[in-house]
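# Summary of structural features
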Amino acid sequence: MNTKIILAALGLSAALAGCTDSGRARNDATFSDKPADITCWTYGTQTYQGRSTGKVSHRDDRTSFVDAANGRYTVIEGDCRLVYVR
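For the structure given in this document, a descriptive report is provided here. Everything quoted here is computed from the prediction, not taken from an experiment.

The rules we used
Residues numbered from 1 in each chain as written. Predicted model: local features only at pLDDT ≥ 70, side-chain atom pairs only at ≥ 80, totals over all residues. Heavy atoms only, no water. Pairing = 2+ DSSP bridges. Helix = DSSP H or I, 4+ residues; strand = E, 2+ residues; numbered from the N terminus. Axes fitted to C-alpha atoms, helices over the stretch in contact; angles between N-to-C directions. Buried < 20%, exposed > 50% of the residue type's maximum accessible area, 1.4 Å probe, protein only.

In this section: the sheet that holds strand E3 (residues 57-59). If you walk across this open sheet you meet the 3 strands as E3-E4-E5, and the pairing is antiparallel. This sheet does not close on itself; its edge strands, each paired only once, are E3 and strand E5 (73-77). Neighbouring strand axes in the sheet, compared pairwise and without regard to direction, differ in orientation by 15° on average. Inspection of the sheet shows strand E4 (residues 62-66) paired to E5 by 5 bridges, in the antiparallel sense. Paired with Ser64 across the two strands is Val75, which belongs to E5.

Set out below in structure tokens:
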């Protein structure tokens, strides 16, 4: 019984130690509904520059968001730089 409690406490403390300030800052920026300035490139050529209305999803090589200029859901494949607005 005591062994299970000790193991649970060790697991919890290890999980909490993994949350660094930089990790928390990244999560606050990435998983918020704040707009972002987005610039994307494909093979070194800029293919998009604009702003999202809110949350940006970035998985694998796809970036998806609602474009603030036209209100359309947009998906871009390529390398994108996201700069979140404060």
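Continuing now.
Of note, the phi angle at Tyr43 is positive, near 50°, even though the residue is not glycine. Note on placement: Tyr43 falls in the loop between strand E1 (36-42) and strand E2 (45-51). The phi angle at Asp60 is positive, at roughly 50°, despite the residue not being glycine. Looking at where Asp60 falls in the secondary structure, it is placed in the loop between E3 and E4. Assessed through its relative accessible area of 80%, Asp60 is described here as exposed.

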